[in-house]
Amino acid sequence: MQMSRNELFILSRFTYRVGEPIISDSDYDLIEKQIKEEGILNEYTSRTYDDDPIPYDLLQKYNMNYLVSDAKSLSKYSKYLDTTKSLSIQAVTEMRDVYQFVRDHLNQAQDECSFNLSLKMDGVNAKALYVNGKLELCVSRGRGGNSIDYTKCAMNCLPHEIDTDAEYVIIYTEAFVLEDYLEYFRTKYQKEYKTPKSAAITMLRVQHDLEDYKYLNMIGIDVDGIDFKTKEEKYEFLDKIGFSYAPNCHLNQEFIDCEYPEFESRMNGLTNDFDKEVGFLPSDGLVLEVSEQSEDFKITNQYSSKNIALKLNEWSFSTYDAIVTDIVVEQQRVNASVRIKIEKIRTDDLCEAEWVNGYNPDIIMSQGINIGSKIKFERNSGAINCLVYK
């Protein structure tokens, strides 16, 4: 049975979410680009894949029901984890943008304004619900009944009970397996555990031997259900109830309220310290967040104004060299765009790169790019391969 392009797009979003991708990132980028240009499936392109409905009809049509066996939660508590839109963190790659983020919040604050800097864990997001202190449910990101139920497997590594007077507490976590242990799983199960993140997805979806769950880390990154004054109080609570939490530090206003040259020097020192002390943990940047939890924050699309992701120094987007094999110019409604085909290479996230966004013909001509040319590209936070040019 021939699968249509639109069906492939919808299914590929779900299979990526559960750690079983059916197409390469470059093929997905191409399909998504076409769909956006045609102005269709807007309900998909305007949200994160975590908020997609589970495509039961397509999974059944193409004999892929095994991906959702026992996955949909039937818990009576599901509604408590279903109400919040999944948010992403806006990435910034220039220290000037970090400075502007800080200045904007300092200028808007009526009282003291401080910040929290934490390691941005590169794992799979899972949220755990405790009811009267007892673990009742653990699911993937998503809402509207579209989360994947991880409870059975998460029970092997999460605290079963926590000390709290709150009736409902939600703990947001990032799950991963340290890279040093991936070979252990590959050897034991004769299966490709590609990355710390994909290994965690597999362990949360599929029951492994109990002894293996000592290698699955579920790091606390946020808490709902209790009123906290600061981000630091949330980390103290996580520590008290037995959760590991993201490495972090508090930046008071005195430290961060300075002119740009001093700000840059101080922040570079901090980012270097994070890399030296916790560089062994899987991460893809740092998160700078307003510490005070009482502030009202704006939500724009899938981003909150309360935080940003710093892609600086060791966490800047990786750059790769590639050889051009084809240049494809596509006429859009107003302007032309360019896709550059390259000899396939494997990127740091273990994906194959075959296409690069060349932006427009003017850039291609000004850079003298032809078939056979050597180019540089970077893989950004959206897993898009983008031409690097002067």
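Since this is a predicted model, take the numbers as computed values, not measurements.

Turning next to the pairing of strand 2 (residues 115-121). Counting buried positions along strand 2 yields 7 of 7 residues, so the element is predominantly enclosed. Here strand 2 runs beside strand 7 (residues 248-251); their pairing, made up of 4 bridges, is antiparallel. Bridge pairing in strand 7 places Phe 115 opposite Leu 251. With 6 bridges joining them, strand 2 and strand 8 (residues 283-290) adopt antiparallel strand pairing. Bridging from a neighbouring strand, Leu 119 pairs with Leu 286 of strand 8.

Enumeration over the complete set of coordinates arrives at 16 aromatic pairs. With a centroid separation of 5.4 Å and 15 degrees between ring planes, the pair formed by Phe 9 and Tyr 28 is classed as stacked. In this pair, Phe 9 is assigned in helix 1 (residues 5-17) and Tyr 28 in helix 2 (residues 25-38), connecting sequence segments 19 residues apart. Both residues of the pair, Phe 9 and Tyr 28, count as buried. Members of the aromatic cluster, connected to one another through ring pairs, are Tyr 181, Tyr 184, Phe 185, Tyr 189, Tyr 193 and Tyr 215. Of note, Arg 96 hangs over the ring of Tyr 260, and the distance from its end group to the ring centre comes to 3.7 Å. The residue whose ring lies beneath Arg 339 is Trp 355, and the NZ or CZ to ring-centre distance is 3.9 Å.

The next subject is the environment of Phe 101. Inspection of the secondary structure puts Phe 101 in helix 5 (residues 95-108). Expressed as a C-alpha distance, the spacing of Phe 101 and Met 218, which sit 117 residues apart in the sequence, is 29 Å.

Right, let's talk about the side chain of Ser 118 for a bit. Checked against the element boundaries, Ser 118 lands in strand 2. Discounting residues that sit within four places of it in the chain, Ser 118 has contacts with Tyr 235, Ala 246, Pro 247, Asn 248, Phe 274, Leu 286 and Val 287.

A few words now on the sheet that holds strand 8. Read from one edge to the other, the open sheet built from 5 strands follows the order 1-11-8-2-7, with strand pairing classed as mixed. Strands with a single pairing partner mark the edges of an open sheet, and in this sheet they are strand 1 (91-92) and strand 7. Its contacts with the sheet place helix 11 (residues 260-278) against strand 2, strand 7, strand 8 and strand 11 (307-310), and it is angled at close to 40 degrees to strand 2.

Before going further, it helps to examine the pattern of salt bridges. Following the criterion strictly, the structure yields 18 salt bridges and no others. Close ionic contact of Arg 5 with Glu 38 constitutes a salt bridge, the shortest N to O distance being 2.9 Å. A residue pair is termed long-range when its members are at least 10 positions apart, and Arg 5 in helix 1 and Glu 38 in helix 2 qualify at 33 residues. A relative accessible area of 44% means that Glu 38 is categorised as partly exposed. The partner of Arg 186 in a salt bridge is Glu 183, with the nearest N and O atoms 3.3 Å apart. Taken together, the positions of Arg 186 and Glu 183, both in helix 7 (residues 182-189) and 3 residues apart, correspond to about one turn of that helix. A relative accessible area of 27% means that Arg 186 is categorised as partly exposed.

The next subject is the sheet that holds strand 6 (residues 216-224). As summarised here, the arrangement of the 4 strands in space is 4-3-5-6, forming an open sheet in which the pairing is antiparallel. Looking along the sheet, the strands with just one partner apiece sit at the ends: strand 4 (134-140) and strand 6. Adjacent strand axes in the sheet meet at a mean angle of 30 degrees, parallel and antiparallel pairs treated alike. Where strand 3 (residues 124-131) and strand 4 come together, 6 bridges link them in antiparallel fashion. Its bridge partner lying in strand 4, Ala 128 is registered against Cys 138.

Positionally, Thr 202 belongs in helix 8 (residues 196-205). Counting along the chain gives 71 residues from Thr 202 to Val 131, while the straight-line C-alpha distance between them is 26 Å. Filtering out sequence-adjacent residues up to four positions away, Thr 202 remains in contact with Lys 191, Tyr 193 and His 208.

Core analysis: the biggest nonpolar cluster contains 87 residues, and Val 98, Phe 115, Leu 117, Phe 263 and Leu 288 have the highest contact counts within it. Those residues within four positions of Leu 117 in sequence are excluded, and the remaining contacts are Pro 247, Asn 248, Cys 249, Leu 251, Met 267, Leu 270, Phe 274, Leu 286, Val 287, Leu 288 and Leu 310.

It is worth spelling out unusual backbone geometry at this point. Of note in the backbone geometry, Leu 41 takes a positive phi value of approximately 50 degrees without being a glycine. In this structure, Leu 41 sits in the loop between helix 2 and helix 3 (42-45). Phi is positive for Asn 132, close to 50 degrees, though the residue is something other than glycine. What makes Asn 132 exposed here is its relative accessible area of 59%.

With that out of the way, let us pick up the confidence of the model for the protein chain. With 92% of its residues at a pLDDT of 70 or more, the protein chain shows a mean pLDDT of 87. The secondary structure element of the protein chain with the lowest average pLDDT is strand 9 (residues 299-300), at 81, and the one with the highest is helix 9 (residues 231-240), at 97.

Across the interface, helix 5 lies against helix 11 with an axial gap of 10 Å and an inter-helix angle of 105 degrees. It follows that helix 5 is roughly perpendicular to helix 11 by the angle criterion. Residues Met 95, Arg 96, Val 98, Tyr 99 and Val 102 of helix 5 touch helix 11, and the partners they reach there are Tyr 260, Phe 263, Glu 264, Met 267 and Asn 268. Tallied by class, residues from the contact of helix 5 with helix 11 come to 7 nonpolar, 1 polar and 2 charged.

What counts and how
- Every chain's residues receive numbers from 1 upward, in the order its sequence appears when written.
- Whole-chain, interface and lining totals are the exception, using all residues; otherwise, since this is a predicted model, local features are given only for residues with pLDDT of at least 70 and side-chain atom pairs are given and counted only at 80 or more.
- For side-chain calculations, the full set of non-hydrogen atoms in the structure is used, while hydrogens and water are omitted.
- Only protein chains enter the accessibility calculation, which uses a 1.4 Å probe. A residue is then buried if its area is under 20% of the maximum for its type, exposed if over 50%, and partly exposed in between.
- Numbering of helices and strands runs from the N terminus, with a helix taken as a DSSP run of H or I at least four residues long and a strand as a DSSP run of E at least two residues long.
- Strands qualify as paired when DSSP identifies two bridges or more between them.
- Only Phe, Tyr and Trp rings take part, Trp by its six-membered ring, and two of them pair if their centres are within 6.5 Å. Stacked means planes under 30 degrees apart, edge-to-face means over 60, and tilted covers everything else.
- In this scheme, Lys NZ or Arg CZ marks a charge over a ring once it lies within 6 Å of the ring centre and within 35 degrees of the ring normal.
- Contacts: residue pairs with any heavy atoms within 4.5 Å of one another.
- To get an axis, a line is fitted to the C-alpha atoms, and for a helix only the part in contact is used. The angle between two axes follows their N-to-C directions and goes from 0 to 180 degrees.
- The rule for a salt bridge is simple: a side-chain nitrogen of Lys or Arg has to be within 4 Å of a carboxyl oxygen of Asp or Glu.
- Only buried residues count toward a nonpolar core. Its members are Ala, Val, Leu, Ile, Met, Phe, Trp, Tyr and Cys residues joined through side-chain atoms within 4.5 Å.
- Confidence scores per residue from the predictor, reported as pLDDT, run from 0 to 100.
- Between 65 and 115 degrees an angle is taken as roughly perpendicular, under 35 as roughly parallel, over 145 as roughly antiparallel, and anywhere else as oblique.
- Asp, Glu, Lys and Arg are counted as charged, while Ala, Val, Leu, Ile, Met, Phe, Trp, Tyr, Cys and Pro are counted as nonpolar; the rest, among them Gly, fall into the polar class.

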